[in-house]
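# A closer look at the structure
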Amino acid sequence: KQAEERKRLEAEEQRRQVEENKRLEQERKAQAEEKKKQAEERKRLKEEERKRQEEEQRKQAEERKRQEEEQERQNEERKKQEEDWKKHEEKLRRLQEKIKKVYVEPGETTELVVLKEEYIKKDDSIYIYGDTEDLNDKISLSQGNFKKSISKIKLTVNKNKKIKIGISRFNFFKLNEIVQFCSSLMNQRLDLRSVILNPLPLKRLYLNFFDYIRELNTRVGSDRIEFFLKDEKLLNLLYSVSSQANQYNERELLRLLGVISEHAFIGPQTIVLDTYHRCNTNCIHCWIHTPKRNLPSELANLKMGLSLYKSIVDDAVSLLSDEIIIQGDGEPLLDDRFMKMVRYARNKGLKVIFFTNAILLDEKKAERIIELEIDEIYCSLPAGTDKTYAAINSRQSKETFHKITGNLKKFISLRNKLKRNKPRLQMTHVIHDLNHHELEEMAKLDVNIGADRVRFYLARLDENIKFLKIKPDHVKVMKNSLRKVVPYLNEHNIELRDNIWFQLKNYNSKTGRWSGDKFLKSGCPVGWFFCLILAKGELSMCCHLRVVDYLGGKSFKEAWNSGSYDRFRAQAKNIMKNKDITFRNGVKLYDEYCNNCDTHQVILKINELLKKYNLAQFYKGSVI
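Residues numbered from 1 in each chain as written. Predicted model: local features only at pLDDT ≥ 70, side-chain atom pairs only at ≥ 80, totals over all residues. Heavy atoms only, no water.

### Some thoughts on the layout of surface pockets
If you add up the space inside the second largest pocket, you get close to 1300 Å³. Along the wall of the second largest pocket there are 44 residues; nearest its centre are L135, K138, E262, H263 and D566. Of all the secondary-structure elements, those providing two or more residues to the lining of the second largest pocket are α3 (133–140), α5 (175–185), α19 (556–560) and α20 (563–573). (1 Å grid on protein atoms, 1.4 Å probe; cavity = no way out; pocket = protein on both sides within 12 Å on 5 of 7 lines; lining within 4 Å. Points joined across faces, edges and corners; volume = space filled by probe spheres on them. Helix = DSSP H or I, 4+ residues; strand = E, 2+ residues; numbered from the N terminus.)

Pasting the structure below:
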């Protein structure tokens, strides 16, 4: 029995060992199979990575080739422009040689002379500088001079007394009107409406000015009216502008000349349109839809009429404006007319930018927006996390935050898939007490989305939302965050708009102000580059509802070119002495809102452009 038991145990042990060996063999086979699969997967991933890199290299090569071709085209264009300009400069040089000398005595053969003030005081000729009292007295720097000159002209109609018209940066473009005005005072009928100074193409303005003077002299055909230079720097100004002009910057330069000369030669660069008031959010920092304000239903349902919109667009094209921004006091994508309105402006050649919260920016809308070649989208997202978003926007949830980011990612993906570079996406983050700590999270989110630009902007506070004021320790937190955010965004080729530095540098933690009296001394030249038009047709010179005119009874073009608008522009430029003047809606030129100037980036840009083109010297001389 013991022998049989041992035999049975040995047999069982043998079977166990056989089964164990079989199990181990199966495990070895499974491991070998797994290694084989892993090797194949590595090989597949390596091949995919190789193909991806090859595709990326191919795209980069194509992009380099495109950039090289574009650079070559630009070089050829610049070379052609340089050759054309050399010829033009030679003409200018020859012409300028004739007028460089400054003469004290008149009667020389040069086309224009500069009369010294000492000579004018001794001369018994009648001196006049404009066809209105404001213009005349501004140039002559003498109150009451205009009325005296008019009386003299009327009293000496038959005595052939000389009338000398002084030319200045403030009137060189309307000499035909001044001559016609003087002729009417002499009881002469002279129609000079067709004798105008054409500022375009701008590179010919300097030459065109002398053609203009010659033609006026020919038309007047009388020795009684003469021109002289009251403004010794005028020719240098015109030459400086003409010599720097090309097809890419002439509108920019012409607006700068308008700032210096206090005349709107063309329309604004940017027209902001308030087209629609309903919104699907209620951000706590919003001036209109904050829960802290009871919004009247009339205001909530307000929208711009389509006929008014189209007439504004038509005038903007005629005035050579560059772009419209559809902003309003609501969400543009809620407006069922939005695509139609955009298409109308794009078909007219205007650039279009619009603000959105991106909640409704689904794939269908994204496709249409890309198809319409909108220039830029400003997406307002005041949070870097879903928790903060829901705290700021009580009408929406955390899920909405993720819907927004998802919509934006899909938009960028679709734009890239279609190989388009527009619309560019600018993420705009309004900063206040509730989100000042999330700048880094916002930047990471913007990189993840694939944005092109980022803008941080301190909220402008009013009575409803003054509790959102940034505190001193918040400023420190933000500055520390920005020191990390700036290189991070640069690393990902995302542009950071620099207005946040201006705001923080000038921030007053006691009052919440961030522009203060910054522009009181330098002036506010915004009126030549920007305007805002509200839903009912109120035409405002800046974002703070300084109403210059009401559209409806007159067109935007008529209002823009009106004498009253010119006066408001000039008064804002010389804001220090005009702080208390009031606009059509009773708002003062300088008030509490100027301490948080929402148009400060436009003013800063104008100042930068004046320096860029070396025109600041003329601007300083034109601010009274």
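### Structural notes on empty space enclosed by the protein
Taken as a whole and assessed by the stated rule, the structure comprises three cavities of 30 Å³ or more. Size it by volume and the largest cavity reaches roughly 180 Å³. The wall of the largest cavity is formed by 18 residues, among which C524, I575, C594, C597 and I603 lie closest to the centre. Tallied by class, residues from the lining of the largest cavity come to twelve nonpolar, three polar and three charged. Reported here for the second largest cavity is a volume of approximately 50 Å³. Lining of the second largest cavity is provided by I431, H432, L458, A459, L461, L468, K469, I470, Y507, G512 and W514. In terms of residue class, the lining of the second largest cavity is made up of eight nonpolar, two polar and one charged. (Nonpolar A, V, L, I, M, F, W, Y, C, P; charged D, E, K, R; others polar.)

### What to know about the packing of α5 against helix α6 (residues 205–220)
Where α5 contacts α6, the two axes come as close as 11 Å, and the packing angle between them is 20°. In this view, α5 runs roughly parallel relative to α6, as classed from their interaxial angle. Crossing angle aside, the handedness with which α5 passes α6 is right-handed. Between α5, through L175, N176 and V179, and α6, the contact on the second element is made entirely by F209, Y212, I213, L216 and V220. (Axes fitted to C-alpha atoms, helices over the stretch in contact; angles between N-to-C directions. Parallel < 35°, antiparallel > 145°, perpendicular 65-115°, else oblique. Left-handed = near helix turned anticlockwise from the far one by under 90°. Contact = heavy atoms within 4.5 Å.)

### Digging into the packing of helix α8 (residues 250–261) against helix α21 (residues 600–612)
At a minimum axis distance of 11 Å, the contact between α8 and α21 shows a crossing angle of 100°. As summarised for this structure, α8 and α21 are arranged roughly perpendicular, according to the angle between their axes. In contact with E252, L256 and I260 of α8, α21 contributes K605, I606, L609, L610 and K612. For the contact of α8 with α21, the residue count by class is five nonpolar, no polar and three charged.

### A closer look at the packing of aromatic side chains
Under the definition given, this model contains 18 aromatic pairs. When the centroid spacing of 5.2 Å and the interplanar angle of 80° are considered together, the rings of F172 and F173 count as edge-to-face. By relative accessible area, F172 is classed as buried at 1%. Ring plane angle 75° and centroid distance 5.4 Å describe the contact between Y206 and Y239, whose orientation is recorded as edge-to-face. With Y206 in helix α6 and Y239 in helix α7 (residues 234–244), this pair connects stretches of sequence that are 33 residues apart. Look at Y206 and you get buried, because its relative accessible area is 0%. (Phe/Tyr/Trp six-rings, centres within 6.5 Å; stacked < 30°, edge-to-face > 60°. Buried < 20%, exposed > 50% of the residue type's maximum accessible area, 1.4 Å probe, protein only.)

### A word on the pattern of salt bridges
Taken as a whole and assessed by the stated rule, the structure comprises 49 salt bridges. Put simply, R453 and E495 hold a salt bridge, and the shortest N to O gap is 3.0 Å. Of the two residues, R453 sits in strand β9 (residues 453–458) while E495 sits in strand β10 (residues 495–496), which places them 42 residues apart along the sequence. Residue classification places R453 among the buried positions, given a relative accessible area of 17%. On the basis of relative accessibility, which here comes to 35%, the residue E495 falls in the partly exposed class. We note a salt bridge from R546 to D591, for which the minimum N-O separation is 2.5 Å. Taken together, the residues span a long stretch of sequence, with R546 in the loop between β12 (538–540) and β13 (547–550) and D591 in the loop between α20 and α21 at a distance of 45 residues. No difference in accessibility class separates R546 from D591, as the two residues are buried. Here the salt bridges share partners, and the residues they tie into one network are E376, R453, E495 and R497. (Salt bridge = Lys/Arg side-chain N within 4 Å of Asp/Glu carboxyl O.)

### Digging into the side chain of E323
Relative to the assigned elements, E323 resides in strand β5 (residues 323–326). Among buried Asp, Glu, Lys and Arg side chains, E323 stands out as unpaired, with K351 the closest opposite charge at 5.3 Å. Setting aside anything within four residues of it in sequence, one finds E323 in contact with Q269, T270, I271, L350, K351 and I353. (Lys, Arg positive; Asp, Glu negative; His and termini not counted.)

### Overview of the sheet that holds β9
Overall, mixed pairing links the ten strands, which are arranged β10-β9-β8-β7-β6-β5-β4-β11-β12-β13 in an open sheet. Both edges of this open sheet fall to β10 and β13, since each of them pairs with a single strand only. Across four bridges, the pairing between β5 and strand β6 (residues 351–356) is parallel. Paired with I326 across the bridge in β6 is F354. Of the strands in this sheet, β5 and β6 are in contact with helix α11 (residues 338–347), which crosses β6 at around 155°. Sitting on the sheet, helix α14 (residues 398–417) is in contact with β7 (376–380) and β8 (424–431), with an inclination near 160° to β8. (Pairing = 2+ DSSP bridges.)

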